[in-house]
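Descriptive analysis of the structure
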Amino acid sequence: MPDLQSMMVLAVVVAAMALFITEKFRVDLIALCVLLALILLGLLDSNQALYGFANQATATIAAMFILSAGLVRTGLVEWLALHLDKLAGKTEPRLIIVLCITIAFLSAFILNTATVAVFIPVAIVLAKTRKLSASRVLIPLSFASQFGGVCTLIGTSTNILVNSIAVDKGMKPFTFFEFAPLGLVMTIAGIIYLISARWLLPKRKGEEQQVDRYHLAGYLAELEITDKSSLIGKNWEKSKVKLNEKVDIIKLIRNDKATSKPTKTKIREGDVLLLHGKMDKLIAMQDKYGLKLHAKTKIDDQKISSDEVKLIEVLIPPRSRLVGRTLQTFEFFRRYGCIVLAVQRLGKIIRERVAEVTLDEGDTLLLEADKEVVSRLLKSRDLIVTNELTELYVRKDKAIIALIMFFAVVTLTVLNIIPILVAALIGAVGMVLGRCLTIEEAYQAIDWKIIFLLGGIIPLGLAMEQSGAALWLVSTVLSPFLDLGPLVVLATLYIITAILTETMSNNAAAIILAPICLSVAATMNVDPRPFLVAITFAASTSFATPIGYQTNTMIYAPGGYRFFDYTRIGVPLNLIFWGLSVLLIPMIWPF
């Protein structure tokens with residue numbers, strides 16, 4: 001039996017995993033609760049409380065967020081994205097190959113959430129021009145970003161984190177391209193799989209209409225103004241119908257043409273109002289305001305849109321100021337002047353009281369906006385317009401400086417002149433001093449949720465090691481596998497990490513498994529490096545669920561996916577990567 005201290009640490013680990021899996025709270029809040037529990041239970045000294053925040057991995061990852069933002073903000077990533085059309089050809093296989101190679105290359109050097117955010121609208125437009133559904137290209141886009149991430153030391157935050165753990169334990173740091181041999185094999189294998197198994201990718205052609213995807217037909221209706229209507233001579237703003245009935249006007253149609261300012265146009269007899277609201281309210285308005293319902297009218301995207309008004313879908317990316325806030329508290333209508341028709345979150349459609357919904361990254365909003373508003377949406381850093389190419393303001397005159405900073409970081413790290421932390425900090429500070437980013441943009445570029453996650457969870461790995469909990473797990477839970485040799489143990493650790501990554505934070509999974517890997521190596525008297533590489537690759541490649549990796553969540557709604565779309569195409573790919581890892585890791589990093 002483990003001693004009391006080990007039992008308390010294991011209890012904290014189990015509680016943390018349960019909270020991560022249930023997703024009842026934000027991951028950064030869970031991490032801080034874990035840190036507080038470790039301190040209150042006396043499992044960490046007070047001088048170890050800030051161990052996670054002071055860890056070189058935390059600072060390096062923060063600097064890499066800024067470096068990645070500098071490359072995006074100067075237009076380098078956008079320029080490459082917009083020049084893919086000619087390379088992509090006219091066939092689906094070629095489009096998928098070009099997208100995968102491009103995104104994998106960029107993700108090897110830029111944190112992949114930033115790259116995917118730029119490429120989502122590009123991929124959708126490229127697919128649309130080839131008469132393909134977005135669902136055929138967005139899963140390959142997300143998966144390829146993970147392929148590229150495991151090719152270099154800076155490709156994902158997990159790579160940097162595991163390298164930091166290795167250095168803290170006196171091991172030789174991983175070199176910049178040390179993961180590349182295995183990463184390149186996996187990238188090639190992954191692209192071949194996505195092409196040959198693309199029949200597993202869903203086709204959502206029947207749901208290309210946004211009205212269908214957001215199930216809006218029951219919330220839209222056309223009502224004609226009769227000669228007895230109390231609305232004649234008034235405009236929508238002054239009529240107070242919106243306030244009293246909680247109904248929005250989408251279009252005002254006069255003589256079969258939509259007016260340019262429906263809320264400010266004086267209403268006449270014979271006008272037709274396209275309204276959005278609860279159907280019982282819309283039906284009740286007939287008698288109350290002297291209206292006539294057009295019951296047989298089919299409502300589709302074309303009916304809602306016009307020359308002056310467009311139906312727009314926007315995605316809330318990581319680090320958006322909308323995350324954790326409601327449309328009401330963000331004053332969304334005042335900022336953008338458009339109507340929010342519905343919110344979609346991992347397939348769940350929210351159409352009622354949308355202004356009061358607390359938003360999260362990966363949510364999509366269906367908006368009805370005037371033409372001049374669309375331009376404002378395209379330039380917003382808090383939203384990604386999925387069905388239009390972005391018009392984000394970029395500092396193209398600073399692109400050379402951004403490239404110099406980027407190559408300086410890579411060169412200094414590859415040649416092992418200075419540690420990766422120092423190189424990353426030079427790059428981050430250089431981006432600000434070179435005016436590729438303002439200091440406010442640099443702070444906004446950092447995903448503080450990940451920083452606080454690391455600050456709270458890294459001490460848990462330390463507590464597992466110090467208390468002997470990691471050693472106890474090895475000597476009991478993994479004991480049956482130890483006699484079968486290090487290869488079986490490596491395969492087991494990879495599978496455990498992969499499963500945990502699909503259900504909780506990939507960084508948290510790596511932190512929990514790393515001390516176990518070190519204890520396994522010590523017990524078996526073998527090099528821990530192969531085990532650390534296994535958990536790094538397993539934690540950085542999550543294909544089987546939409547919640548296992550940020551980029552999977554980002555493409556869920558724009559692609560019109562369902563949960564098991566990921567499982568169907570992702571599980572075989574996870575098994576392929578597991579087999580390649582078990583085969584190749586011992587050859588590249590001998591025990």
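Let me sum up the structure you'll find in this document. Throughout, residues of each chain are indexed from 1 in the direction in which the sequence is written. pLDDT decides what is reported in this predicted model: residues at 70 or higher carry local features, side-chain atom pairs at 80 or more are listed and counted, and totals for whole chains, interfaces and linings draw on all residues regardless. Side-chain descriptors were evaluated using all non-hydrogen atoms of the structure, hydrogens and water having been removed beforehand.

1. Details of helix H14 (residues 279-289)
- Those residues of H14 not exposed but buried are Leu-282, Met-285 and Tyr-289. Down the axis of H14, the buried set is contained in an arc of 50 degrees. They therefore lie on one face. Facing away from the buried side of H14, by more than 90 degrees, are the exposed residues Asp-280 and Asp-287. For every residue, the accessible area obtained with a 1.4 Å probe (protein chains only) is divided by the maximum for its type, and the residue is called buried under 20%, exposed over 50%, and partly exposed between those limits. Helix numbering and strand numbering both begin at the N terminus, where a helix is a DSSP run of H or I of at least 4 residues and a strand a DSSP run of E of at least 2. To be clear, the arc concerns the directions from the helix axis to the C-beta atoms.

2. Digging into the sheet that holds strand E10 (residues 384-385)
- When DSSP finds at least two bridges between two strands, those strands are taken to pair. With antiparallel pairing, five strands are arranged side by side in an open sheet as E8-E7-E9-E6-E10. Strands at the two margins of the open sheet, each flanked by one partner only, are strand E8 (348-350) and E10.
- Inspection of the sheet shows strand E7 (residues 339-345) paired to E8 by three bridges, in the antiparallel sense. Each residue of the ladder has a partner; that of Arg-345, found in E8, is Lys-348.
- By definition, residues are in contact when any of their heavy atoms lie within 4.5 Å. Here the axes come from fitting lines to C-alpha atoms, over the contacting stretch only for helices, and the angles between their N-to-C directions go from 0 to 180 degrees. Most of the contacts of helix H17 (residues 371-378) go to strand E9 (residues 364-370), to which it runs at about 140 degrees, and overall it touches strand E6 (309-315), E9 and E10.

3. So, the side chain of Thr-115
- Mapped onto the fold, Thr-115 is located in helix H7 (residues 112-129).
- On the accessibility criterion, Thr-115 (1% relative accessible area) is buried.
- Residue contacts for Thr-115: discarding those within four places in its chain leaves Ile-103, Leu-106, Ser-107 and Ile-110.

4. Comments concerning the packing of aromatic side chains
- For Phe, Tyr and Trp, rings pair up if their centres lie within 6.5 Å, where Trp contributes its six-membered ring, and each pair is then called stacked (planes under 30 degrees apart), edge-to-face (over 60) or tilted (otherwise). Tallied over the full model, the rule gives 17 aromatic pairs.
- The interplanar angle of 45 degrees and the centroid separation of 5.6 Å between the aromatic rings of Phe-147 and Phe-577 together place this pair among those described as tilted. Separated by 430 residues along the polypeptide, Phe-147 in helix H8 (residues 138-149) and Phe-577 in helix H28 (residues 563-588) bring together distant segments of the chain. Each member of the pair, Phe-147 as well as Phe-577, is classed as buried.

5. Here's the deal with the packing of helix H6 (residues 92-107) against H7
- Here H6 crosses H7 at 165 degrees, and the two axes come no closer than 10 Å. Between H6 and H7, the crossing angle belongs to the class labelled roughly antiparallel. Relative to H7, H6 is oriented so that their crossing is right-handed. Facing Leu-95, Leu-99, Thr-102, Ile-103, Leu-106 and Ser-107 of H6, the residues of H7 in contact are Asn-112, Thr-115, Val-116, Phe-119, Ala-123, Leu-126 and Ala-127.
- Gly is placed with the polar residues, together with every amino acid not listed as nonpolar (Ala, Val, Leu, Ile, Met, Phe, Trp, Tyr, Cys and Pro) or charged (Asp, Glu, Lys and Arg). A breakdown of the residues in the contact of H6 with H7 according to their chemical character gives nine nonpolar, four polar and no charged. Any angle between 65 and 115 degrees counts as roughly perpendicular, while under 35 counts as roughly parallel, over 145 as roughly antiparallel, and the rest as oblique. Left-handed describes a crossing whose near helix is turned anticlockwise from the far helix by less than a right angle; the clockwise case is right-handed.

6. Section: the pattern of salt bridges
- The salt bridge criterion pairs a side-chain nitrogen of Lys or Arg with a carboxyl oxygen of Asp or Glu, the two atoms within 4 Å. Scanning the model with the defined rule gives 14 salt bridges in all.
- Across the pair Glu-178 and Arg-529 runs a salt bridge, and its minimum N-O distance is 3.0 Å. Of this pair, Glu-178 sits in the loop between helix H9 (157-168) and helix H10 (180-196) while Arg-529 sits in helix H26 (residues 529-540), and the two are 351 residues apart along the sequence. Comparing Glu-178 with Arg-529 shows no difference in burial state: the two are buried.

7. Digging into the pairing of E9
- Within E9, seven of the seven residues are buried, which leaves the element mostly enclosed by the surrounding structure.
- Every second residue of E9 is oriented toward a common face, with Thr-364, Leu-366, Glu-368 and Asp-370 on one face and Leu-365, Leu-367 and Ala-369 on the other, all of them buried.
- Alignment of E6 against E9, held across seven bridges, turns out to be antiparallel. Looking at E9, one finds that Val-309 is bridged to Asp-370.
- Examined bridge by bridge, E7 and E9 share five bridges and lie antiparallel to one another.

8. Some details on the state of the cysteines
- By convention in this document, the label disulfide applies to cysteine sulfur atom pairs within 2.5 Å. What the rule picks out here adds up to zero disulfides.
- No disulfide involves Cys-151; its nearest neighbouring cysteine sulfur is the one of Cys-100, lying 13 Å away.

9. Focus on the sheet that holds strand E5 (residues 291-293)
- Strand order in the open sheet formed by five strands is E3-E2-E4-E1-E5, and the pairing between neighbours is antiparallel. The two strands at the open ends of the sheet, each matched to only one other strand, are strand E3 (257-258) and E5.
- One ladder, built from five bridges, connects strand E1 (residues 220-225) with strand E4 (residues 272-276); its direction is antiparallel. Bridge pairing links Leu-223 to Leu-273 in E4.

10. Quick look at the pairing of strand E2 (residues 248-254)
- Of all the seven residues making up E2, seven are buried; the element is thus mostly covered by neighbouring parts of the structure.
- Sheet analysis places E2 next to E4, joined by five bridges and oriented antiparallel. The partner of Leu-252 across the bridge, within E4, is Leu-273.
- As defined by bridge partners, E2 adjoins E3 across two bridges and the pair is classed as antiparallel. Looking at the pairing, Ile-253 lines up with Ala-258 of E3.
- The antiparallel pairing of E2 with E3 creates a hairpin that spans two residues between the two strands, and Asn-255 there sits at a positive phi of about 55 degrees.

11. So, H9
- The span expected for a helix works out to 1.5 Å for each residue beyond the first. For H9, with 12 residues, the first-to-last C-alpha span of 17 Å sits near the 16 Å given by 1.5 Å per residue.
- Where burial is concerned, most of H9 is hidden: 10 out of the 12 residues are buried.
- Taken together, the buried positions of H9 are Ser-157, Thr-158, Asn-159, Ile-160, Leu-161, Val-162, Asn-163, Ser-164, Ile-165 and Ala-166.
- Each element contacted by the buried residues of H9 is listed here: helix H4 (56-73), H8, helix H19 (420-433), helix H21 (448-467), helix H25 (506-524) and H26.
- A positive phi of about 80 degrees marks Gly-170, the residue just after H9.

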